[in-house]
Amino acid sequence: MSRPRDLDYWSFVELAQERLNSKFGGEHHRSATEVLLTLNRASDIVTYDLEAAVHRPRGRSWSAYRLMFVIWLAGPIEPNVAARLTGMSRAAVSNLAKPLVEAGILEKTPVSHDARSVQLSLTEAGEKEIRDSFRAQNEREEAWVEVLTPTEQQILVMLLNKLITNRSQFDVRGRN
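Residues numbered from 1 in each chain as written. Predicted model: local features only at pLDDT ≥ 70, side-chain atom pairs only at ≥ 80, totals over all residues. Heavy atoms only, no water.

Per an unreviewed UniProt entry, the chain carries the name MarR family transcriptional regulator and comes from Rhodococcus pyridinivorans AK37.

What follows is the structure, given as structure tokens:
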């Protein structure tokens, strides 16, 4: 049996499956655990790599990039819409926007239909930064997926979309 300090990710998954089998026998869904452990691990590794290789050297976080990316593509939007599209909380968007406004990357403008709300938009400097960041990230994304054929890439997207959209069988908790 492996000692904890000798475990790598793959040996941990094996250990987890062995221990879960011994604790729950046939009462746990082995493949479901393996799929979601692997999905979470892949997401964490790719996100960390993109943040470390592309965004931190530019002085930004992965979350700041996501917010800027959504505003860039969706156009001027209210923070609640930005939160929904980024998968972040409204508070997280507000906390991220503040330093981006101070840095001259984003601007806040009042909206006509609600005196309490604002729209977030990119400044000219923000547009340039997100274009440059996207180019660098997209190159890194290509490096990540080049191990898959174009057909495998399409299948992976189809499978992930199926996993995300076909969840009406239970009460999914998440941000809207």
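Caption draft 1: Region of interest: the overall build of the chain. Of the regular secondary structure elements, the chain holds seven helices and two strands. The helix and strand sequence of the chain, counted from the amino end, reads α-α-α-α-α-β-β-α-α. A globule of 176 residues ought to have a C-alpha radius of gyration of about 16 Å, yet the chain, at 20 Å, is considerably larger. Taken along the three principal axes of its C-alpha coordinates, the chain extends 60 × 35 × 35 Å. Burial statistics for the chain: of 176 residues in total, 25% are counted as buried. When contacts within the chain are restricted to residue pairs at least 6 apart in sequence, those whose partners lie at least 24 apart make up 51%. Carbon and sulfur atoms make up 54% of the accessible area of the chain, which amounts to about 12,200 Å² in all. (Helix = DSSP H or I, 4+ residues; strand = E, 2+ residues; numbered from the N terminus. Rg over C-alpha atoms; globule rule 2.2 N^0.38 Å. Buried < 20%, exposed > 50% of the residue type's maximum accessible area, 1.4 Å probe, protein only. Contact = heavy atoms within 4.5 Å. Areas by Shrake-Rupley, 256 points an atom, 1.4 Å probe, with all protein chains shown as cover.)

Caption draft 2: Structural detail: the nonpolar core. Among the nonpolar cores identified, the biggest contains 21 residues, and Leu67, Met68, Ile71, Val93, Leu100, Leu106 and Leu122 are the most heavily contacted of them. The set of elements that each furnish at least two residues to this core consists of α3 (62-74), α4 (79-86), α5 (90-102) and β2 (114-122). Take this core: its biggest share by element is seven residues, from α3. Sequence-distant contacts of Leu106, defined by excluding residues within four places in its chain, comprise Leu67, Ile71, Ala97, Leu100, Val101, Ser121, Leu122 and Thr123. (Core = buried A, V, L, I, M, F, W, Y, C linked by side-chain atoms within 4.5 Å.)

Caption draft 3: Main features of the UniProt feature "domain: HTH marR-type" (unreviewed entry) in the chain. Under the UniProt annotation, "domain: HTH marR-type" (unreviewed entry) lies at residues 32-165. Annotated as 72% helix and 11% strand, the span residues 32-165 places its first and last C-alpha atoms 17 Å apart. (UniProt positions renumbered as here; feature names shortened; annotations may be inferred.)

Caption draft 4: Region of the structure containing the domain arrangement of the chain. For the chain, the assigned domains read domain 1 (6-56) and domain 2 (58-166). For domain 1 and domain 2, the distance between their C-alpha centres works out to 27 Å. On the side of domain 2, 14 residues touch domain 1, which itself brings twelve residues to the contact. Both sides together, the interface formed by domain 1 and domain 2 hides about 1,200 Å², and carbon and sulfur atoms give 66% of it. The tally of links from domain 1 across to domain 2 stands at one salt bridge. Each residue belonging to the side of domain 1 that touches domain 2 can be placed in one class, and the counts come to seven nonpolar, two polar and three charged. (Domains from an automatic or database assignment. Buried area = accessible area lost by both parts, 1.4 Å probe. Salt bridge = Lys/Arg side-chain N within 4 Å of Asp/Glu carboxyl O. Nonpolar A, V, L, I, M, F, W, Y, C, P; charged D, E, K, R; others polar.)

Caption draft 5: A look at the packing of aromatic side chains. In the structure shown here, the tally under the stated rule is five aromatic pairs. Summarising the aromatic geometry, the rings of Trp72 and Phe134 are spaced 5.8 Å apart at their centres and angled 50° between planes, so their arrangement reads as tilted. In this pair, Trp72 is assigned in helix α3 and Phe134 in helix α6 (residues 124-145), connecting sequence segments 62 residues apart. Residue classification places Phe134 among the partly exposed residues on the basis of a relative accessible area of 25%. An aromatic cluster is defined as three or more aromatic residues linked by ring pairs; in this entry it consists of Trp62, Tyr65, Phe69, Trp72 and Phe134. (Phe/Tyr/Trp six-rings, centres within 6.5 Å; stacked < 30°, edge-to-face > 60°.)

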